[in-house]
Each structure stands twice: as structure tokens, then as C-alpha cells.
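# Report on the structure
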Amino acid sequence: MIYIIISALLFVLLVIQNILADVLFLGRSPLEISLIVVIYMAFRLSFIKGALLSAWVGFVMDCITGTVAGAYVFIYYAVFSGSYFISRHLYGEKDGFIVTLVLLWGIVEGIILFGLKSLQTGEFAFFSFLPFLILKIVPLGVLGPFLFHIFDKLGFSYGFNERATKRP
Amino acid sequence: MLNRFRLPLFLILIGVGLLLLVVYNSYHPEQTGVARKIIMEGATALEYVLREPLKLARDTWQKYVFLVGVVEENRKLKKDVNRLIGQLVQYQEAYEENKRLRNLLKLEEKLQFRHIFARVIGVDRKSMVKSLIINRGSLDGVKRNAPVITDRGLVGRVLETSWHISRVLLLIDETSNVDVIVQSSRVQGMLQGTGHGCSIKYVGKMDEVKMGDAVITAGISRVFPKGLLIGYISHVDWREGGMFKKVEINPAVDFSRLEEVVVLIPPGDQE
């Protein structure tokens with residue numbers, strides 16, 4: 001039941017992030033809080049639940065942004081799996097580590113989206129894409145640690161932090 | 001040994017499967033699925049509800065910010081002024097809407113296609129797909145790939161439809177391609193979005209194009225009817241040794257100010 005509520009809350013979050021982007025950046029840059037949520041889930045949830053929720057977030061993103069069906073599902077699945085893999089081998093939750101991880105996945109996501117766009121248009125204009133990428137990942141890097149702390153507080157309060165408590 | 005790599009292999013297999021699905025979908029855009037329609041409709045409705053308080057706060061701020069701090073004895077006069085300003089804004093809004101609708105009606109007389117009037121209820125120029133949402137969907141007769149225009153010119157085409165709303169791909173999106181003609185010289189080319197404007201591809205170095213020339217749809221691909229205004233040439237560049245000229249277009253439509261549009265029903269779908 002709690003995961004159905006989380007899915008609904010994630011849906012609301014995606015709509016709100018779209019509005020926030022318009023208010024804060026005057027519609028010139030996306031504010032993809034959902035990417036931070038997916039990375040966070042990789043550190044806190046079990047694989048199956050986290051992967052399913054990531055796929056759900058990706059699916060909603062596909063619908064809201066009008067991207068090719070499955071694009072964000074794939075990206076968020078890749079981000080989740082990668083972060084999950086990292087979280088199993090590295091124990092680091094300092095702000096710098098989170099910023100690095102968010103920036104890294106932001107760049108990976110940007111490159112995948114750019115690749116898909118290039119595939120559709122048949123053109124490879126990476127330098128015109130670069131400002132879009134920077135505008136997209138810098139706010140995420142700044143927000144990453146802050147949101148991790150907020151999610152932690154919310155998560156522990158409602159008891160769906162499945163993995164953090166098992167850490168050494 | 002095999003057990004150790006079972007999980008990574010499993011993850012990679014799922015990832016590759018998803019990637020293949022995405023690549024397939026990008027080459028074979030099918031009709032919008034039911035689940036996607038439900039999410040689209042739900043998100044649009046929720047966004048509309050959430051945006052209303054913001055809009056109200058902004059309007060209130062804009063109307064009253066300059067009146068804060070006025071002395072007590074002017075309060076009554078201020079009330080009257082506010083009431084009159086409110087009325088004036090309403091009248092002005094009605095007048096502006098009337099003007100826009102008149103222009104659309106004039107356009108209606110000129111159109112030879114069946115068409116549907118629609119309101120713009122969302123604009124998204126920050127994502128990878130530059131699009132807008134209109135308040136007409138498949139139940140109103142909107143079809144995928146239908147051209148969308150205003151009295152000023154071409155806006156784009158319908159990318160996907162839900163029951164009550166549709167997503168329109170803007171001309172400026174990089175995946176948007178339109179066959180065009182430069183009106184004065186009849187030079188043909190392929191117009192493609194650049195993200196913030198448009199440019200024409202495949203204009204030969206000998207072709208005559210100059211700044212300010214109007215660019216209209218060629219009507220070759222059967223998606224867009226012939227003769228719709230797209231914009232005006234804003235820049236022409238040719239590098240020594242190049243086969244083609246670089247021609248940039250300033251769209252006739254201001255995509256940030258769209259409120260009402262007309263969706264044309266493609267000739268094959270007319271009753």
C-alpha cells in the first residue's frame with residue numbers, strides 16, 4: 001500500500017518539478033528532481049522495489065515531456081542500476097560524493113537523450129546541446145545533498161528506508 | 001564464478017532490452033497508448049490545478065504591488081480605482097480575445113480544410129521535445145500529424161493525441177521537418193528546427209535567397225497544405241567551397257505568446 005502512495009506522490013512531484021522549472025528558470029531549463037529521487041532510491045530501497053519505482057518515474061516523465069516512449073524508463077533504470085551497483089561497493093554519503101554522483105548521472109542522462117535526439121534528427125550538434133546540459137545539471141548538483149537530507153528525514157519518519165539501517 | 005556475475009548480467013540484459021525498445025519506438029512512433037493517455041490527461045489536469053494559485057498570486061502581486069503604502073484618506077479612492085482597473089483589465093482581456101478570435105475567423109474563411117479551434121493549455125520549451133498542449137483531443141477529431149496554425153502562420157504538427165488533449169510538436173524542435181519554398185525565388189528546401197529557431201537545409205550555393213524573403217510550406221509531403229507562412233529569412237551564410245547555404249529563419253509565430261490555435265484535418269481524413 002505504501003508503495004502505491006509513493007507512486008502517486010512521485011507523480012505529483014513530477015508535475016510540481018515541471019511547474020517549479022517554469023517559475024524558477026522561466027521555462028528555459030528543466031529542474032529534474034526526479035533524477036535525484038532515482039539515485040536516492042538506489043541507496044535506500046531494495047533492487048526490485050527501487051527498479052519498479054524508477055521505471056514508473058521514467059514512464060511518467062516520458063508522458064509529461066513527450067519523449068520517445070521508453071526513453072526515460074531506460075535512462076532511469078540505467079541510473080538506478082548504476083547507483084545501486086555503486087552503493088553496494090562504495091560507502092559514501094558525504095555531500096561531495098552525492099554532488100559528484102548527481103553530476104555524473106546528469107551527464108550520462110544528457111548524453112543518452114542527446115544520442116536519441118541525434119538518432120531521430122540524423123544530426124550531431126553536440127556544442128549547441130552543451131549549454132542545455134550545463135543548465136540542467138548544475139542546479140541538480142547544488143540541490144542533490146539538500147534533497148538527500150530531506151528525503152532521509154521523510155523516509156525514516158515513514159519507515160521505508162530499507163537499506164540505510166543495514167549499513168555498517 | 002557464474003553466480004558472482006548473475007546480477008550484473010541480468011541488469012545489463014534488461015537494460016539492453018529497454019534500449020532496443022526505445023530505438024524501435026523512435027523509428028516506429030505508433031498511436032499513443034491508453035496508459036500514456038491517462039498519465040498525459042492526469043498530469044495536465046493536475047498541473048492546471050496547481051498553476052492556478054500561482055497565477056492568482058502573480059496577478060494579485062502585479063495589480064497591487066504599486067498601491068501598497070498609500071495613505072489612509074485615499075483608501076476609498078483606491079478601492080474605486082482597483083475596481084475600475086479590474087473592470088478595465090477584464091474589458092481589455094475580452095477585447096484582445098475578441099481581436100484574436102476575429103483574426104482566427106478571417107483565417108477560417110480562407111481555409112479549405114476542415115479545422116478545429118483549440119486553446120493552448122501548456123507550453124514546454126525546456127524539455128528535449130519542444131511542444132505545447134492544446135485542449136482538443138481524439139474525441140474532438142484531432143489526428144496525429146495534423147498541421148496546427150494561427151492567423152500568423154504555421155505552429156507545428158500534432159505529435160500525439162489523448163482523448164481530450166493533444167501534444168503539438170513546435171516548428172523549432174530539432175525533430176521537426178517541413179518541406180518549404182522561398183516565396184520570391186521558389187527555391188525549395190527542408191526546414192528543420194534548431195531548438196530556438198529554424199533553418200533550411202539543402203539550399204544550393206547557386207540558389208537565390210536573401211534576408212527578409214518569406215518562407216512558405218511546399219505541400220509536397222502531404223502533411224502540411226501548400227502556402228502556409230512559416231517565417232522570414234533572417235540570415236544567409238555560405239562558406240567558400242561548401243555545397244549548400246546556411247539559411248536561418250525567423251518564425252512568423254511567437255511561440256511564447258500562443259493562446260489559441262487552429263488544427264487542420266489532413267485531406268485524407270475529411271468527411
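Please read all numbers here as calculations on a predicted model, not as lab measurements. (Residues numbered from 1 in each chain as written. Chains lettered and ligands numbered in written order. Predicted model: local features only at pLDDT ≥ 70, side-chain atom pairs only at ≥ 80, totals over all residues. Heavy atoms only, no water.)

### Here we look at the interface of chain B and chain A
In this assembly, 38 residues from chain B lie in contact with 43 residues from chain A. Contact between chain B and chain A buries roughly 3,500 Å² in total, counting both sides, with carbon and sulfur atoms accounting for 71%. Put simply, chain B and chain A have one salt bridge between them. Where chain B packs against chain A, one counts six residue pairs in polar contact (both at pLDDT 80 or more). (Contact = heavy atoms within 4.5 Å. Buried area = accessible area lost by both parts, 1.4 Å probe. Salt bridge = Lys/Arg side-chain N within 4 Å of Asp/Glu carboxyl O. Polar contact = N/O pair within 3.5 Å; in protein donor to acceptor, adjacent residues only side chain to side chain.)

### A look at empty space enclosed by the protein
Applying the stated rule across the entire model yields two cavities of 30 Å³ or more. Estimated volume of the largest cavity: approximately 160 Å³. Together, 17 residues line the largest cavity, and Q17(A), P30(A), M61(A), T65(A) and S127(B) are the ones closest to its centre. Secondary-structure elements contributing two or more residues to the lining of the largest cavity are helix 1 (2-25), helix 3 (47-65) and helix 6 (126-158) of chain A. The element best represented in the lining of the largest cavity is helix 1 of chain A, accounting for four residues. As a volume, the second largest cavity reaches approximately 30 Å³. G156(B), R157(B), L169(B), L171(B), S176(B), N177(B), V178(B) and F224(B) together form the lining of the second largest cavity. Looking at the lining of the second largest cavity, the elements with two or more residues in it are strand 4 (154-161) and strand 6 (177-182) of chain B. (1 Å grid on protein atoms, 1.4 Å probe; cavity = no way out; pocket = protein on both sides within 12 Å on 5 of 7 lines; lining within 4 Å. Points joined across faces, edges and corners; volume = space filled by probe spheres on them. Helix = DSSP H or I, 4+ residues; strand = E, 2+ residues; numbered from the N terminus.)

### Re the confidence of the model for chain A
When pLDDT is averaged along chain A, the result is 82, and 88% of the positions lie at 70 or above. Considering each helix and strand of chain A separately, the mean pLDDT is smallest for helix 6 of chain A, with a value of 80, and largest for helix 2 (residues 33-44) of chain A, with 91. (pLDDT = per-residue confidence, 0-100.)

### Overview of helix 1 of chain A
All names here are of chain A. Across its 24 residues, helix 1 extends 33 Å between first and last C-alpha, which sits within 8% of the 34 Å expected from 1.5 Å per residue. By the burial criterion, the buried members of helix 1 are Y3, I6, S7, L10, F11, L14, V15, Q17, N18, I19, A21 and D22. Backbone geometry just downstream of helix 1 places L26 in the positive-phi region, at approximately 55°. (Expected span 1.5 Å × (residues − 1). Buried < 20%, exposed > 50% of the residue type's maximum accessible area, 1.4 Å probe, protein only.)

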